[in-house]
Amino acid sequence: MNIVIRAVALIGLGVIVLGRESAIGNRQSGAAARRANAPHSRFPVPGSRSPDPALFWNAATVYFLLTDRFANGNPSNDHALGRAQDGAALRSFQGGDLAGVLRKLEEGYFDSLGVGAIWLTPFVEQIHGSVDEGTGKTYGYHGYWTRDWTAVEPALGTREDLHALVDAAHRHGIRVLMDAVINHTGPVTPQDPPWPNDWVRTGPNCTYRDYTASVDCTLVATLPDVLTDRDDPVDLPPALIEKWQREGRLDRERAELDAFFARTGYPRAPRYYIIKWLTDWVREFGFDGYRMDTAKHFGEAVSAELKREAERAFADWKRAHPAQALDGLPFYMMGEVYGYELSQGRAYNFGDRTVDFFAYGYDGLINFGFKREAAGSLDDLFTRYSAALREGALRGVAILNYISSHDDGSPYDRDRADPFGAGTRLLLAPGGAQIYYGDELARPLIFAGVQGDANLRSFMNWRDLERGGTTADVLRHWRILGRFRRAHPAVGAGLHRRLQAEPYIFSRTLEADGRVDRVLVAMDQGEGAKTIPVFGVFRDGTELVDAYSGERGTVASGRISLTSAFGLVLLSERR
Ligand SMILES: [Ca+2]
Ligand SMILES: [Ca+2]
């Protein structure tokens, strides 16, 4: 077949011209496919008994998906609770479910991307009705509108589905992060009764001008704010009592709450009920961590309380399921501190006060700066991130970079003009990489007639992939980079060194567990035969493999000669 790919420059210019039959496709059936089926690297975890959490999570690729919008594994739950399809465009439930995620897990979809952890949107029971916050009639398809913290949302599946999903992920060596909401309940609708006044406040609206106006207030007028700042004892909401009575589990739920409050000595204040409910999922299912929703909108001390209970729950689960525990990696808590950027170090500024969220149970924070910074000099970004994480303010903690997300209206490459370059930037950056479902398929982020964040949340474009062409080529690119990241923790957690400005060459080196992981990345190489200096990263005589093309070569006179059709070269020692 003709090589019709023109990978003149994958990054920087981000130019790649693809024909119908790509050379990547031809080669995929060979070396790349074998790599896909090879066992994951066991360095530095799970081979280690006490793996370094910061190292693990900075090296990791986290796949973030909206369960309702990813894959429909069970059409019979599509109309659960009698919800109608009468929402504004992309604002009703669309049928995706836990069974769909399980199917993709079993198919090896996440393995093929080198994914180390899946972050699911919240799966707890959502409000039954809908609400219009100004962007059209909307249902709780996204999971952030809790009605019952102790039940699985019927449109997403059952407890058994959830068990099957987490167990399958663990069998694949993939961790699962639970998206946890403690700041607010779901909106009140004709079908969803209000929470009692001693549980929530319904005003004032947050103005975000200082700490109090970000924390003790409603994010939007329709979202009751849990009184996480109060210690006054409260009773169970009548609506939950009624529901649990109907479901035949009221006595059990009450007994468990009594035991929880007796053990902890906490007052029966709203946040402690929710902490009990959130940590129960960890204890029963073995979730490996939380992604904390709206982490800056409730007191940071609450996060620390939640973390302590979650760690305890995780330890209980491990004790009860020794064969399923992946390794000694502790429970992970990652926060959505909206607007936090790596450059802020450990001081998030509310205006009148700064908070170090890492001191309150957070092991990692989402980095909201990456999508903007990724448009600038790549080496500046790589150098700065590596320095901050290895020697600077963020030594010992993790960040999570992303190019797009479920509520970022200014993603990197919003038009998906360069999904190849976007993948290169994200997956080769120091720090954890969040793939938002569809980044790897160039899923569109703009739709005619759709308002607001729903644009970012369309159903996964599997059909584009089935058609092949560019979408399939984009996926191959993300897969190769994702697996390279997974096989080489040096990529995300190693020391970055620029070796040559143009064409750009850099190395990453990571020493851990008495081993050294080294990679050398060359960008903007011409297609065909190329000779790349290795700047002493690898000694003469060392056999190297290029993960991008599958080609191999031996270092001689400080350089390696390869022939590949691509501008990107991902070198590591042949094992
Ligand atoms: Ca379904
Ligand atoms: Ca709040």
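Rules of the game
- Residues numbered from 1 in each chain as written.
- Chains lettered and ligands numbered in written order.
- Predicted model: local features only at pLDDT ≥ 70, side-chain atom pairs only at ≥ 80, totals over all residues.
- Heavy atoms only, no water.
- Donors = N, O, S within 2.8 Å, 3.2 Å for Na, K, Ca; no water.
- Buried < 20%, exposed > 50% of the residue type's maximum accessible area, 1.4 Å probe, protein only.
- Helix = DSSP H or I, 4+ residues; strand = E, 2+ residues; numbered from the N terminus.
- Core = buried A, V, L, I, M, F, W, Y, C linked by side-chain atoms within 4.5 Å.
- Pairing = 2+ DSSP bridges.
- Salt bridge = Lys/Arg side-chain N within 4 Å of Asp/Glu carboxyl O.
- Phe/Tyr/Trp six-rings, centres within 6.5 Å; stacked < 30°, edge-to-face > 60°.
- Lys NZ or Arg CZ within 6 Å of the ring centre and 35° of its normal.

### Digging into the coordination of the calcium ion (ligand 1)
Four donors placed tetrahedrally about a metal ideally form angles of 109.5 degrees, and six donors placed octahedrally ideally form angles of 90 or 180 degrees.
1) Next: The protein atoms that coordinate the calcium ion (ligand 1) are Asn72 (OD1), Asn74 (O), Asn77 (OD1), Asp78 (OD), Gly95 (O) and Asp97 (OD), at distances spanning 2.3 to 2.6 Å.
2) Next: Linear spacing of the donor residues for the calcium ion (ligand 1) on their chain is N-x1-N-x2-N-D-x16-G-x1-D.
3) Next: By relative accessible area, Asn77 is classed as buried at 7%.

### Notes on the coordination of the calcium ion (ligand 2)
1) Next: Looking at the metal site, the calcium ion (ligand 2) is ligated by Asn183 (OD1), Val215 (O), Asp225 (OD), Asp225 (OD) and His297 (O), spaced 2.3 to 2.8 Å from it.
2) Next: Ordering the donors of the calcium ion (ligand 2) by residue number gives the pattern N-x31-V-x9-D-x71-H. Linking Asp225 in strand β11 (residues 225-226) with His297 in the loop between β12 (289-292) and α10 (300-320), this pair joins segments that are 72 residues apart in sequence.
3) Next: We classify His297 as buried; its relative accessible area is 7%.

### Let's talk about the nonpolar core
1) Next: Ranked by size, the top nonpolar core spans 149 residues in total, and within it Tyr63, Phe70, Phe110, Tyr290 and Leu428 carry the most contacts.
2) Next: Ranked by residue count, the leading element in this core is helix α9 (residues 270-285), at 9 residues.

### With respect to the pairing of strand β8 (residues 146-152)
1) Next: Burial analysis of β8 places 7 of its 7 residues in the buried class, which makes it a mostly covered element.
2) Next: Across 3 bridges, strand β5 (residues 124-126) lies against β8 in antiparallel orientation. Each residue of the ladder has a partner; that of Val124, found in β8, is Val152.

### Concerning the pattern of salt bridges
1) Next: Counted under the stated rule, the structure contains 45 salt bridges.
2) Next: A salt bridge links Asp179 to Arg291, with the shortest nitrogen-to-oxygen separation between them at 2.9 Å. Separated by 112 residues along the polypeptide, Asp179 in strand β9 (residues 175-180) and Arg291 in strand β12 bring together distant segments of the chain. Residue Asp179 shares its accessibility class with Arg291, and that shared class is buried.
3) Next: In this structure, Arg291 and Glu336 form a salt bridge, with 3.4 Å as the shortest nitrogen-oxygen distance. Separated by 45 residues along the polypeptide, Arg291 in strand β12 and Glu336 in the loop between β13 (332-335) and β14 (348-349) bring together distant segments of the chain. When sorted by exposure, Arg291 lands in the same class as Glu336, which is buried.

### Remarks on the packing of aromatic side chains
1) Next: A complete count under the given rule lists 44 aromatic pairs for this structure.
2) Next: Aromatic side chains Tyr266 and Tyr272 sit 4.0 Å apart centroid to centroid with 10 degrees between the ring planes, which places their arrangement in the stacked category. Pair check on accessibility: Tyr266 and Tyr272 agree, each one buried.
3) Next: With 6.0 Å between their ring centres and 65 degrees between their planes, Phe357 and Tyr362 make a pair best called edge-to-face. Comparing Phe357 with Tyr362 shows no difference in burial state: the two are buried.
4) Next: In this structure an aromatic cluster arises from ring pairing among Trp149, Trp195, Trp199, Trp244, Phe260, Phe261, Tyr266, Tyr272, Tyr273 and Trp277.
5) Next: The lysine or arginine in question, Arg353, covers the ring of Tyr211, its NZ or CZ lying 3.7 Å from the ring centre.
6) Next: Over the aromatic face of Phe382 sits the side chain of Arg508, whose NZ or CZ is 4.7 Å from the ring centroid.

What is shown is where atoms sit, not what they do.
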